[in-house]
Amino acid sequence: MAQLKFFGYLADIAGTRTKEVRLEKPVLLRELLPSAFPRENIVILIDEKPGHLESTVTNESKVVMMPVLSGG
Amino acid sequence: MKGYGKLLRVNLSDGKITKEEISDSMKRDFLGGRGFAVKLLWDEVKHVDPLSEKNKLIFSTGPLSGQLLPSAGKMVIASKSPLTGGYGDGNIGTMASVHLRKAGYDVVVVEGKAEKPSYLLIEDESVKVVDAADFWGRNTFEAQDLLEKKHGRNSGILLIGPAGENQIPISTIMSQKGRAGGRPGMGAVMGSKNLKALVVKGTGNVSNFDEARLREMGKKGYDEIKAKESYDFWMKQGTMQAFEWCNENACLPTFNYKEGVFEFSKELDGYVVEKLHADRKGCPMCNMQCGHVIKDSSGQSSELDYENVGMLGPNIGMKSLPQVALLNRLADEWGLDTISLGSAIGFLMEASEKGLIPEKLGWGDFEAAQRLVAEIGKGEGLGKLVSRGVKVASETLGRGSQRWAMHVKGLEISAYNCHACPGMALSFATSPIGAHHKDAWVISWEISTDRFSYNKAKVEKLIEFQRIRGGFFESATVCRLPWVEVSFGINWYPEYLEAITGERRTWEELYTMGDRIYNLIRAFWKREIPEFGRKWDYPPDRWFEEPHSEGKMKGIKIDREKYEQMLSWYYELRGWDQNGIPRKETLDALGLKGVLNEITG
């Protein structure tokens, strides 16, 4: 199962902080996300490597999506 | 040029008070805030003991400060640092910024030393040095209350606690019971002048070039921020959303920066803050206030930010957010910088673990941590070892402790562990006051692109962020968080500047202004510390030598040779020689002729 983790406000948009999805075949990441999902100022890591919304996700992928932010 | 006020100069030794015009060339070349501060310090503070009456303490706002604009209630406080020996400044959100501008001043330069504990009372044209006998010795919360009772709640107050009075080099300046600024010992400088507080009451208005346009754009700016899709979540967690983020990315400072993940992170993160949320506080002029208040373990209110929790939580092994909140509140009351405090306590815990000190201090020992806050604030007991910062502590302790004294240039590193973030490590190493995140911030970009690379693009990005954050935001003196956290459009700011001053500035010009400031700060370090150079631009050995032993970045550390290359690129892009000293042509191009003579002469 592909594992998706959402951080910060992205969890609110996705409606969940974590999600597992069974994928019969690889898909584009954006196909797994709601249409309202932001396109900019987000950090996407797929199996610890930088990715983007057009990246391919497989059934074994671990995807992390986070906002760009800074602690203060 | 519109949008500016005067420079107020107060000599506490002889009581002389003068009000000076700020030249248009100063405004154009240095903008305000940090820009004004470094120019004044360069011109007026040379080769002095930071805790002597010859040092000067500068409170500096910029043209955006105090205006009805998003998050504009900010001020820079600067001096020669007693912690680092170089240029030091802090950025604080405070009503004092608003009142100072309304009183008609952009800058206050405090010189000399009062004969007895005093505070400065500024009420529009009236400026007085007042006896502070009733306030000296009080913690910052008590003193804030007493000063408000005396002068009214509609006043801006900046003050030090007992740590500043004791001239502890990691003391800071406080406001509004939770806002702090001046990490590199600005509290100690204030204490060395027998100055307890500034109380400012202003009733006028800044005269701007186009008031109507500024008002309209300010309103649009506030509306844009509230409409951002990340706004609601920001209002729930503020900077504390960084806690979970950092743990996931294995850059949470844990056990004195040995590790980047903390087993008990879910006891301390932003979701816990949401659950325990009791109140909200923040800076004036801000509609995204980031100070989340919870009840600490003794039932009292404590205002939390990511840095406080990162450094007083996992960095010292604390597992309970209410306990962390209590330590944070104590730090605020004493007027101690929470980042340096967390680093100092972490250093002592590690020293105890390694048997380098006889005292038994376990990781997460809450009782011991509480005792240490007071000892450090007084500079007594074990506190005496670390109250001058971990650099000095490690030089005193020796036995290899310099390798895990987590500082750059003497300033303790703020809460990002960089074993696996070489760009951020370089960012900390080249931050102009020592390791501090207000200048250093490439980590989000780095992780989103390629955190393991050591390429020139990373260095270029770092410099771009320094120009924006450490150059523009610190000199316009307005908070960077709307841009950073909710993607508020950065191109609002030159628009605001134009409506205020009547002058259009491009980003290229503002970048040049930022470079001018960085070069002058660099020159100040070199002039004040003759041996200053390349070897001051390195992060701690721990990041090069001791990889993480846990988490997804297990085994990762910074490659020293590749770091050297990045540092060399940094100097090349900055127009500095390979010892990190600005070249003549760089200084000349920035209008800083004569500066090189002073640092090489």
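Residues numbered from 1 in each chain as written. Chains lettered and ligands numbered in written order. Predicted model: local features only at pLDDT ≥ 70, side-chain atom pairs only at ≥ 80, totals over all residues.

1. Quick notes on the overall build of chain B
Point 1. What chain B contains, in helices and strands, is 26 helices and 17 strands.
Point 2. Taking 2.2 N^0.38 as the reference for a compact globule, 601 residues should give roughly 25 Å; the C-alpha atoms of chain B span a radius of gyration of 22 Å, in line with that estimate.
Point 3. Each of the three principal axes of chain B carries a C-alpha extent, and together these read 60 × 55 × 55 Å.
Point 4. Contacts spanning at least 24 positions in sequence make up 71% of the contacts within chain B whose residues lie at least 6 apart. (Helix = DSSP H or I, 4+ residues; strand = E, 2+ residues; numbered from the N terminus. Rg over C-alpha atoms; globule rule 2.2 N^0.38 Å. Contact = placed C-beta atoms within 7 Å.)

2. A closer look at helix α7 (residues 211–227) of chain B
Point 1. With 17 residues, α7(B) extends 24 Å between its outermost C-alpha atoms, agreeing within 8% with the 24 Å of an ideal straight helix rising 1.5 Å per residue.
Point 2. Elements that come into contact with the buried residues of α7(B) comprise α8 (231–237), α20 (481–486) and α21 (492–501) of chain B. (Expected span 1.5 Å × (residues − 1).)

3. A word on the pairing of strand β3 (residues 57–60) of chain B
Residues and elements named next belong to chain B.
Point 1. Across the two faces of β3 the burial is the same, with L57 and F59 and I58 and S60 all buried.
Point 2. Judged from the four bridges that link them, β3 and strand β6 (residues 105–111) form a sheet pairing that is antiparallel. What sits directly across from F59, in β6, is V108.
Point 3. Pairing between β3 and strand β4 (residues 74–80): three bridges, direction antiparallel. Across the sheet, F59 pairs through a bridge with I77, a residue of β4. (Buried ≥ 20, exposed ≤ 12 C-beta atoms within 10 Å, placed from the backbone. Pairing = 2+ DSSP bridges.)

4. Let's talk about the nonpolar core
Residues and elements named next belong to chain B.
Point 1. Formed by 209 residues in total, the largest nonpolar core has its most connected members in A197, L198, L348, V373 and A425.
Point 2. Here this core takes nine residues from helix α22 (residues 507–528), the largest share from any one element.
Point 3. Not counting the four nearest positions on each side in its chain, A425 is found in contact with C418, P539, W543, I558 and Y563. (Core = buried A, V, L, I, M, F, W, Y, C linked by C-beta atoms within 7 Å.)

5. Some points on α22(B)
Point 1. With 22 residues, α22(B) extends 31 Å from end C-alpha to end C-alpha; this agrees with the ideal 32 Å at 1.5 Å per step.
Point 2. Buried residues dominate α22(B), accounting for 17 of its 22 residues.

6. Structural notes on the sheet that holds β4(B)
All names here are of chain B.
Point 1. Strand order in the open sheet made by the six strands is β2-β1-β6-β3-β4-β5, with mixed pairing throughout. Each edge of the open sheet is held by one strand with a lone partner, namely β2 (17–20) and β5 (87–93). Ignoring strand direction, the axes of neighbouring strands in this sheet form an average angle of 15°.
Point 2. Judged from the seven bridges that link them, β4 and β5 form a sheet pairing that is antiparallel. Looking at β5, one finds that K74 is bridged to G93. (Axes fitted to C-alpha atoms, helices over the stretch in contact; angles between N-to-C directions.)

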